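Report on the structure
Here is how the chains run, residue by residue.
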Amino acid sequence: MTRNQFNDYISNAQFNLFFNGLGWDKVNNQFDVTIPLDEIDYTLKAVAQKRGFIVYVCPVNEIPQNALLKKMDIKLRKYSNDYILIFIKNNHHLWLAPIKTVEKRNLITIEYESPAKADFLFSKLPNLSFELDEEVTIVDVTIRIHAAFEVNASKITKDFYSGFKKQHTSFLSFIRGIEVEGDKQWYVSVMLNRLMFCYFIQKKGFLNFDSDYLRKKLEWTQEQQGKNQFFGIFYKGFLCALFHSGLNSPKHDNDFERIYGRIPYLNGGLFDEHPLEKQYENIDIADKAFEDLFDFFDKWRWHLDTRITASGKDINPDVLGYIFEQYINDRAQMGAYYTKEDITEYIGKSCILPFLMDEVAKTSSKKHFEPNGYVWQTLKNSGQKYIYDAVKKGDGKPLPEEIERGIDISQPNLLERRKEWNKPATEEFALPTEIWRETVERLKRCAEITRKIENGEITQINDFITYNLDIRTFVFDLLEKTDDHLFVKHFYQALQKVTILDPTCGSGAFLFAALNILEPLYEVCIDRMEEFNKQKPNIFNPELEEIKSKYRSNIQYFIYKSIILRNLYGVDIMKEAAEIAKLRLFLKMVAVVDVDRRADNLGLDPLPDIDFNIRCGNTLIGYATEKELNEDLSFAKDILEELANQEFKVTAEENMEKVSMAYERFKQIQFTQYENIESFKEAKKGLYERLEALNDTLNHRLYAATTMSINYDEWLKSYQPFHWLAEFYQIIKGKGGFDVIIGNPPYVEYSENKFDYNININEFNTFKTRNLYSYIFERSKKLLNSNAYVGMIVQISSISTPTMEGMCKEIKFKSSKNWISNYATRPSYLFDGVCMNLTII
């Protein structure tokens, strides 16, 4: 197809001719769909298809935003799981396609505004084209279309990070009024976090409906007060009030709106007066810092969704995790490394989903988990659906004769018959880098798993981990297809209660993996509850009433808010890291809300305050459990000290109960309506005061129990104790511990003079390993309840060196079952042999 033909077809919206010219098949009106959403009927006309992959066109009055696209996908996937949907408003088109990245369904969009700006879309034609005689399956078509819509996020991220790092250094030089260098570095991160958040929400129209709000207000401020390169006219004269009195205040009077326009109350803690701002009252930042920063920011296209433009300059919140891990970090000296999405996804799903299914199996729905019950019959009748495509590649195709003749090991001359097996396998069979020997073994494994499924031999949810089956799709299908409303009810109850912790969370990579795993499960449960309620009125009234009464923005916002407040918990020793984790979670929520000019607060529910979910402190120092505190209090020189210890214990427990009750009240208030802001602020203040007093008491007790050559203040600053028992009392004492712990602990050889990780290693059974990741693993085991799962990525040395014997014992003798995925051939002290790939105990 020539560029002129392309321009004609697209400009005239002749998509049937366009796709037919690319080798797609014609369709009739049986594929057309009408989907009602938000009181509007959207008519989707099918214009082409290829092996069941449908192309739809939908004329609209307004190009939809991300929140509506999400709803559309949920409805449309019931008719066609794989599709391209093109929204048309005059000559403005938005192409939408759901693509699967690391098992997550992402909605990718490509914008078309004019032929002159269509280079990016035109470049995708090779991936959208098919030869007329080309033999393809739906899998082949899907892979090709996904390749067309994928974006090189890695390159964009690196380009942005390179410039961002320079801006961070430059911005630092313009700050006045902070004497301590470390505090100044921290405040730069605070300001850049806030400003980037504002850049995202201004592009969506939340700052007075102006996508260039900050730049224009900087220029306006300078016009009003006179441009000055040395003093912070913009910072003191505009930004501070925007942050503290605007975005952090529920009410804005007419005088405020005349200057700042209509802006939302965000809550969340991001725009609270920061501890550094309280400590340093004379902070000032020169206007030049903001001019340079905005010049850099304006080079990029800021989106809260996965939109792609021809510029190759698209920034969305997903890439910030990598950017900030790289920047805050250079944390390699602290043993912290960025964890890629495939790893966080794998570990997250392998722990969270089995736990949830175990919880459902404890209820009256346990009948479905019997060998002939709904759960395992669904698997038995699924064929190869839950075997990953990568495992199945080449399955069912006859092997080349020179490879086939080496299969039968009973025949003579095996080495001669297998002489071709060490050569690279051909493309139609091979995964990247596979040789024939590996391909044959993989296909053999695929056949074995298929046989087990068809024979009904898999009847345990943990077998999905053992056999590496697609547990996410399986659990989703169970919920989507069941005709038993109790199965959905019990799963939803488990969802709302599961507690997931990353004890060294960094900027939140594992927390985001957990959120992405839980989100579609909340969605399908809510969808099914609404469906069951139509069939049997009132059957899910309490659950649906809670949802209806506790959100204003949309259900998607309620889902994220529920997950973030109820399910996710994180701790990190770096304050900056914890702040970034919260920032990313906030952006995730704002992304699903569109500006409503007529609604209060522009249609946005205040963000949840997660200061008590994402905490800062030393994971390894402090009282983790009641048992630890009791052991400390069991030592007494005489009867008087014993009585004092008993009195301390009673007082501490009473205070922890009060903190726990204050936390629950604080959390529940956040699910009430917008008008309860004053109650919320009072609850937060009371919780802070109680928790600070409790921590102070426990800190002094812990300090007194240790032999230190430094004074209390130095010890407190250096060790940064974190008392899990106090901070998460309602979980540690109330539930017996967390349900799931996942993460990537730091890999650092412990040294007593290491400032950042001061600990008393003698408190750990694994102390001889002298590596932080083993201490954090051991600590995590103490924080789990009896039915919980823990999943971590650790170094190969954890099971293969004599010095790690202590950790091996923690794994082998204090766990009922372990999965070790080990990607090297080394002697294993854990298994008394050689450990390769997946080993089950």
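Residues numbered from 1 in each chain as written. Predicted model: local features only at pLDDT ≥ 70, side-chain atom pairs only at ≥ 80, totals over all residues. Heavy atoms only, no water.

Tallying secondary structure elements over the protein gives 35 helices and 18 strands in all. Every one of the 841 residues in the protein was classed for burial, and the buried ones make up 56%. In the protein, of all internal contacts separated by at least 6 residues, the share reaching a separation of at least 24 is 70%. A total accessible area of about 37300 Å² is found for the protein, and carbon and sulfur atoms account for 50% of it. (Helix = DSSP H or I, 4+ residues; strand = E, 2+ residues; numbered from the N terminus. Buried < 20%, exposed > 50% of the residue type's maximum accessible area, 1.4 Å probe, protein only. Contact = heavy atoms within 4.5 Å. Areas by Shrake-Rupley, 256 points an atom, 1.4 Å probe, with all protein chains shown as cover.)

What follows covers the sheet that holds strand 13 (residues 568-572). Taking strand neighbours across the sheet as the criterion, the five strands line up as 14-13-12-15-16 in an open arrangement whose pairing is parallel. For this open sheet the edge positions go to strand 14 (614-616) and strand 16 (784-792), each flanked by a neighbour on one side alone. Ignoring which end each strand starts from, the neighbouring axes of this sheet average 20° apart. The sheet strands contacting helix 24 (residues 509-535) are strand 12 (500-502), strand 13, strand 14 and strand 15 (738-743), and the helix crosses strand 13 at an angle near 175°. (Pairing = 2+ DSSP bridges. Axes fitted to C-alpha atoms, helices over the stretch in contact; angles between N-to-C directions.)

For the structure on display, the rule yields 43 salt bridges. If you follow the salt bridges from partner to partner, you end up with Asp272, Lys582, Asp609, Asp611 and Lys684 in one network. (Salt bridge = Lys/Arg side-chain N within 4 Å of Asp/Glu carboxyl O.)

Axes are the key here: two packed helices are described by the angle between their axes and the distance separating the axes. Two elements in contact, helix 34 (residues 772-783) and helix 35 (residues 805-813), have axes separated by 10 Å at closest approach and are oriented at 25°. With respect to helix 35, the axis of helix 34 lies roughly parallel. Taken as a pair, helix 34 and helix 35 cross one another with a handedness that is left-handed. Contacts between helix 34 and helix 35 involve Tyr773, Ser774, Phe777, Glu778 and Lys781 from the former and Met807, Glu810 and Ile811 from the latter. For the contact of helix 34 with helix 35, a count of residues per class yields four nonpolar, one polar and three charged. (Parallel < 35°, antiparallel > 145°, perpendicular 65-115°, else oblique. Left-handed = near helix turned anticlockwise from the far one by under 90°. Nonpolar A, V, L, I, M, F, W, Y, C, P; charged D, E, K, R; others polar.)

Negative phi characterises most residues that are not glycine, and trans characterises most peptide bonds. The phi dihedral of Asp38 falls on the positive side, at around 50°, and the residue is not glycine. Note on placement: Asp38 falls in the loop between strand 1 (33-37) and strand 2 (40-50). Even without a glycine there, the phi angle at Asn538 is positive, about 80°.

Contact pair helix 29 (residues 639-669) / helix 30 (residues 677-704): the axes reach a minimum separation of 9 Å and the direction vectors enclose 155°. Of the possible angle classes, the one that applies to helix 29 and helix 30 is roughly antiparallel. In the packing of helix 29 onto helix 30, the handedness of the crossing is left-handed. Contacts from Asn645, Phe648, Ala652, Asn655, Met656, Lys658, Val659, Ala662, Tyr663, Arg665, Phe666 and Ile669 of helix 29 reach helix 30 at Ser679, Phe680, Ala683, Lys684, Leu687, Arg690, Leu691, Leu694, Thr697, Leu698 and Arg701. Its residues assigned to classes, the contact of helix 29 with helix 30 comprises 14 nonpolar, four polar and five charged.

Now for helix 26 (residues 555-567). The end-to-end C-alpha separation of helix 26 is 17 Å, in line with the 18 Å expected for 13 residues at 1.5 Å each. Among the 13 residues in helix 26, twelve count as buried, and that is most of the element. What helix 26 keeps buried is the set Gln556, Tyr557, Phe558, Ile559, Tyr560, Lys561, Ser562, Ile563, Ile564, Leu565, Arg566 and Asn567. (Expected span 1.5 Å × (residues − 1).)

We now examine helix 22 (residues 471-481). An α-helix turns once every 3.6 residues. As a result, residues three or four positions apart point the same way. With eight of eleven residues buried, helix 22 lies mostly within the body of the structure. Every buried residue belonging to helix 22 is among Ile471, Arg472, Phe474, Val475, Phe476, Asp477, Leu478 and Leu479, and all of these are buried.

Tracing the sequence through the fold places Thr482 in the loop between helix 22 and helix 23 (485-497). The contact partners of Thr482, leaving out residues within four places of it in the chain, are Tyr374, Phe487, Val488, Arg528 and Phe532.

Once that is clear, we can look at the packing of aromatic side chains. Ring pairs (aromatic) are described by centroid distance and by the angle formed between their planes. Throughout the structure, instances matching the rule amount to 54 aromatic pairs. On the basis of an interplanar angle of 55° and a centroid distance of 5.3 Å, the ring pair of Tyr703 and Trp715 is categorised as tilted. Linking Tyr703 in helix 30 with Trp715 in helix 31 (residues 712-719), this pair joins segments that are twelve residues apart in sequence. On the basis of an interplanar angle of 80° and a centroid distance of 4.9 Å, the ring pair of Phe722 and Trp724 is categorised as edge-to-face. By relative accessible area, Phe722 is classed as buried at 1%. Just above the ring of Phe122 sits the side chain of Arg3; from NZ or CZ to the centre is 5.0 Å. (Phe/Tyr/Trp six-rings, centres within 6.5 Å; stacked < 30°, edge-to-face > 60°. Lys NZ or Arg CZ within 6 Å of the ring centre and 35° of its normal.)

When you tally the buried positions in strand 15, you get six out of six residues, the bulk of the element. Bridging between strand 12 and strand 15 involves two bridges; their strand directions are parallel. Note on strand 15: the bridge partner recorded for Ile500 is Val740. In this structure, strand 15 lies alongside strand 16, joined through five bridges in parallel fashion. Note on strand 16: the bridge partner recorded for Ile741 is Val790.

The next subject is the nonpolar core. Counting 140 residues, the largest nonpolar core has Phe197, Phe290 and Leu356 as its most contacted members. Counting residues per element, this core draws most heavily on helix 24, at 14 residues. (Core = buried A, V, L, I, M, F, W, Y, C linked by side-chain atoms within 4.5 Å.)

Considering the arrangement of structural elements, one finds Thr450 in helix 20 (residues 436-454). Dropping the residues within four chain positions of it, Thr450 is found in contact with Gln384 and Ile387.

A grouping of Ile639, Leu640 and Leu643 is seen on the molecular surface, where their side chains present a nonpolar patch of about 340 Å² in accessible area. We classify Ile639 as exposed; its relative accessible area is 55%. (Patch = residues over 30% accessible without salt bridge, like charges linked within 9 Å, V, L, I, M, F, W, Y side chains within 5 Å.)

Mapping Glu281 onto the fold places it in the loop between helix 12 (275-279) and strand 8 (284-285). On the basis of relative accessible area, Glu281 is assigned to the exposed category, the value being 70%. For the pair Glu281 and Ile178, spaced 103 residues apart in sequence, the C-alpha separation works out to 9.0 Å.

Within the fold, Pro98 resides in strand 5 (residues 92-101). Of the residues examined, Pro98 reaches a relative accessible area of 4% and is grouped as buried. The spatial distance from the C-alpha of Pro98 to the C-alpha of Thr109 is 8.7 Å, given a sequence separation of eleven residues. Residues within four places of Pro98 in sequence aside, it is in contact with Asp73, Asn81, Tyr83, Arg105, Asn106, Leu107 and His146.

Here the focus is a negative patch on the surface. A surface patch of negative charge is lined by Glu678, Glu682, Glu689 and Glu692. For Glu682, the position within the fold is in helix 30. (Lys, Arg positive; Asp, Glu negative; His and termini not counted. Charge placed at Lys NZ, Arg CZ, Asp CG, Glu CD.)

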